[in-house]
Amino acid sequence: MLDVQLLRKDLDNVAQRLQTRGFEFEVDRYSDLDEKRKVLQVETQELRNERNTGSKAIGQAKARGENVDTLLEKVNELGAVLKSKEQELSVVQERLQDLVTTVPNVPHHSVPIGKDETENTEIRKWGDKPSFDFAVTDHVDLGQRLGGMDFDAATHITGARFVVLQGELARLHRALTQFMLDLHTAEHGYEETYVPYLVNPDSLFGTGQLPKFADDQFVTRDEGWFLIPTAEVPVTNLVRDQIVEAEDLPIKRVAHTPCFRREAGSYGKDTRGMIRQHQFEKVELVQIVHPEHSYEALEELTGHAETVLQRLRLHYRVVSLCTGDLGFSSAKTYDLEVWVPSQNQYREISSCSNFEGFQARRMRARFRQSGSKSNEPVHTLNGSGLAVGRTLVAVMENYQQQDGSIVVPEVLVPYMRNKTVLGIEQ
RNA sequence: GGAGAGGUGGCAGAGUGGUCGAAUGCGGCGGUCUUGAAAACCGUUGAUCCUAGCGGAUCCGGGGGUUCGAAUCCCUCCCUCUCCGCCA
């Protein structure tokens, strides 16, 4: 949710910046509603004040044993007017709420202007593309040959966009998860956290998936709970409706969870393999920080995600999403894109965002600062560190050998019972 | 799933129709005393919104109702706890 103070102060500028991400803010409709709201709110407050004093007077008069008929009559009349004003006000407030909660975040000044992903800016590259002196195989064929990746079985059990992993590949998948968790807890200062994978609508609203993106979520029939599309939702909502002490910031959490996405709008996209699934594992980094430090934190957090790829010695690049490609809640996002040899292109493997106070205002997540009377919204950030399924794909393809075996990245060897190659009997 | 109890400020806990945003205790903060600390004592201490300000409004789990007036009465939903059942 945008800062209402900012909307009042700088409406045109906000609308202009929203336009750069392709969003038309209904400026006139908003000002109109807000003007009405202001008038009605003042009116109802004054009426209530009158009624309250009147009611109080009745109580006092009764206590003295006086006749209260005329007083009663007067207050009664007030009540009717008040009721109708209150109804008007609540209609206006509801409309305002509907309008404001569907407006995306304002892009940060440093975000490149552009209409879609073709205009994202490459910030830096790490490592080199691997060269192969044989024709590369994609992870689907590699996995099938190793006998560890079975899409048909998953289709049989559930449907399209699922996979069954088994044997060495299943272990490699777990090794990646373990390695990431160890790295972020031991070296980057994150606290390991396990959270519910089903959340209520308030939590999804808090991080911005509701009300606009209900169709992207899986939902339980009887309870109306949602399967989490990312750990961002339950982990960030740890501070919903909380006032944290300034000295407790930053809060840094890492969580390993499955993620569930309906992928409703992506029919025909990435239908082959593990790139786009209804269910995948992710290690997620979340930071709750003081507003003054959120952009430093974004660089730091992005670096933490990059470290995973560097330790795995996987070639990647960092891209700054342009205004038109930003997610709904984000003010600035870096995507990490890993090299996928079979596709001869970079594919997103992590997305690191600063939401500034956008989610915090939706969640009423504030911090208390000594010397300051009012409590301010915190800033929230998150990033994948990393998407495990896609990392598995990257490792398989980048570490493949001509005979279809896969070299285990050095940092994963201890997690693989010291096995150094998968697919060849040792 | 069945039976019962309950949801009040950071925490504990009083409050069953009127001056209650709410006693009291603990905790927190400031002070007195002390070389310092503890103890004791004194003071202070919820959130949100409107307003340039004075000030005002709202909030006792959520929503609705009764009433001139609701923390208090009624309806409904949610949640927590205890016992029983089931269960990794």
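Refer to the structure above for everything that follows.
Model, not experiment: these values are computed from the prediction. (Residues numbered from 1 in each chain as written. Chains lettered and ligands numbered in written order. Predicted model: local features only at pLDDT ≥ 70, side-chain atom pairs only at ≥ 80, totals over all residues. Heavy atoms only, no water.)

A.B. asks: Would you mind showing me how to read the protein's contact with RNA strand B here?
C.D. replies: Within the structure, RNA strand B sits among 21 residues, and Arg8, Gln41, Ser55, Val75 and Asn76 are positioned closest to it. Serine 55 is positioned such that a nitrogen or oxygen atom in its backbone is 2.8 Å from a base nitrogen of RNA strand B. The contact in question runs from a base oxygen of RNA strand B to an N or O atom on the side chain of lysine 62, over 3.0 Å. Here the element with the most residues in the surface near RNA strand B is helix 2 (residues 27–63); it accounts for 14 residues. (Near = heavy atom within 4 Å. Polar contact = N/O pair within 3.5 Å; in protein donor to acceptor, adjacent residues only side chain to side chain. Helix = DSSP H or I, 4+ residues; strand = E, 2+ residues; numbered from the N terminus.)

A.B. asks: Can you walk me through the packing of helix 1 (residues 4–19) against helix 2 in this structure?
C.D. replies: In helix packing, the relevant descriptors are the interaxial angle and the interaxial distance, both defined with respect to the helix axes. Relative to each other, helix 1 and helix 2 sit at 160 degrees, their axes nearing to 11 Å. Comparing the axis directions of helix 1 and helix 2 gives the class roughly antiparallel. Both helix 1 and helix 2 take part in a crossing whose hand is left-handed. For the pair helix 1 and helix 2, the contacting residues are Val4, Leu7, Arg8, Leu11, Asp12 and Ala15 in the first and Val27, Tyr30, Ser31, Asp34 and Arg37 in the second. The residue makeup of the contact of helix 1 with helix 2, split by class, is six nonpolar, one polar and four charged. (Axes fitted to C-alpha atoms, helices over the stretch in contact; angles between N-to-C directions. Parallel < 35°, antiparallel > 145°, perpendicular 65-115°, else oblique. Left-handed = near helix turned anticlockwise from the far one by under 90°. Contact = heavy atoms within 4.5 Å. Nonpolar A, V, L, I, M, F, W, Y, C, P; charged D, E, K, R; others polar.)

A.B. asks: Would you take a moment to explain the sheet that holds strand 7 (residues 243–245) for this structure?
C.D. replies: The strands making up a sheet are joined through hydrogen bonds of the backbone, oriented either antiparallel or parallel. Strands sit in the order 7-13-14 across an open sheet of three strands; the sheet is mixed. Since the sheet does not close on itself, it has two edges, and those belong to strand 7 and strand 14 (376–377), each with one partner. As defined by bridge partners, strand 13 (residues 366–368) adjoins strand 14 across two bridges and the pair is classed as antiparallel. For phenylalanine 367, the partnering residue across the bridge sits in strand 14 and is glutamate 376. (Pairing = 2+ DSSP bridges.)

A.B. asks: It is not clear to me how the sheet that holds strand 8 (residues 251–260) should be interpreted in this structure. Could you clarify?
C.D. replies: One open sheet accounts for eight strands, arranged 1-10-11-12-15-9-8-4; its pairing is mixed. Each edge of the open sheet is held by one strand with a lone partner, namely strand 1 (121–126) and strand 4 (191–193). Neighbouring strand axes in the sheet, compared pairwise and without regard to direction, differ in orientation by 25 degrees on average. Sheet analysis places strand 8 next to strand 9 (residues 279–289), joined by ten bridges and oriented antiparallel. From the neighbouring strand, valine 254 faces strand 9, where its bridge partner is leucine 285. The strands that helix 6 (residues 167–186) touches are strand 4, strand 8, strand 9 and strand 15 (379–387); relative to strand 9, the one it contacts most, it runs at about 5 degrees. This element, helix 9 (residues 294–311), spans strand 1, strand 8, strand 9, strand 10 (316–320), strand 11 (332–340), strand 12 (345–354) and strand 15 of the sheet and lies at about 5 degrees to strand 15.

A.B. asks: Just to check I follow, could you spell out the packing of helix 6 against helix 11 (residues 388–398) for this structure?
C.D. replies: Look at helix 6 against helix 11: their axes get within 10 Å of each other, and the N-to-C directions meet at 115 degrees. Regarding helix 6 and helix 11, the two cross each other, and that crossing is right-handed. Together, Leu169, Leu172, His173, Leu176, Thr177 and Met180 of helix 6 and Val388, Gly389, Thr391, Leu392, Val395 and Met396 of helix 11 make up the contact between the two elements. Residues that form the contact of helix 6 with helix 11 fall into these classes: eight nonpolar, four polar and no charged.

A.B. asks: Can you help me understand helix 2 in this one?
C.D. replies: Residues separated by three or four positions in an α-helix point in the same direction, a consequence of the helix having 3.6 residues per turn. Under the 1.5 Å per step criterion, the end-to-end length of helix 2 is 53 Å for 37 residues, consistent within 8% with the ideal 54 Å. Residues of helix 2 that are buried in the fold lie against helix 1 and helix 3 (69–101). A positive backbone phi angle near 80 degrees is found at glycine 65, which sits one or two residues after helix 2. (Expected span 1.5 Å × (residues − 1).)

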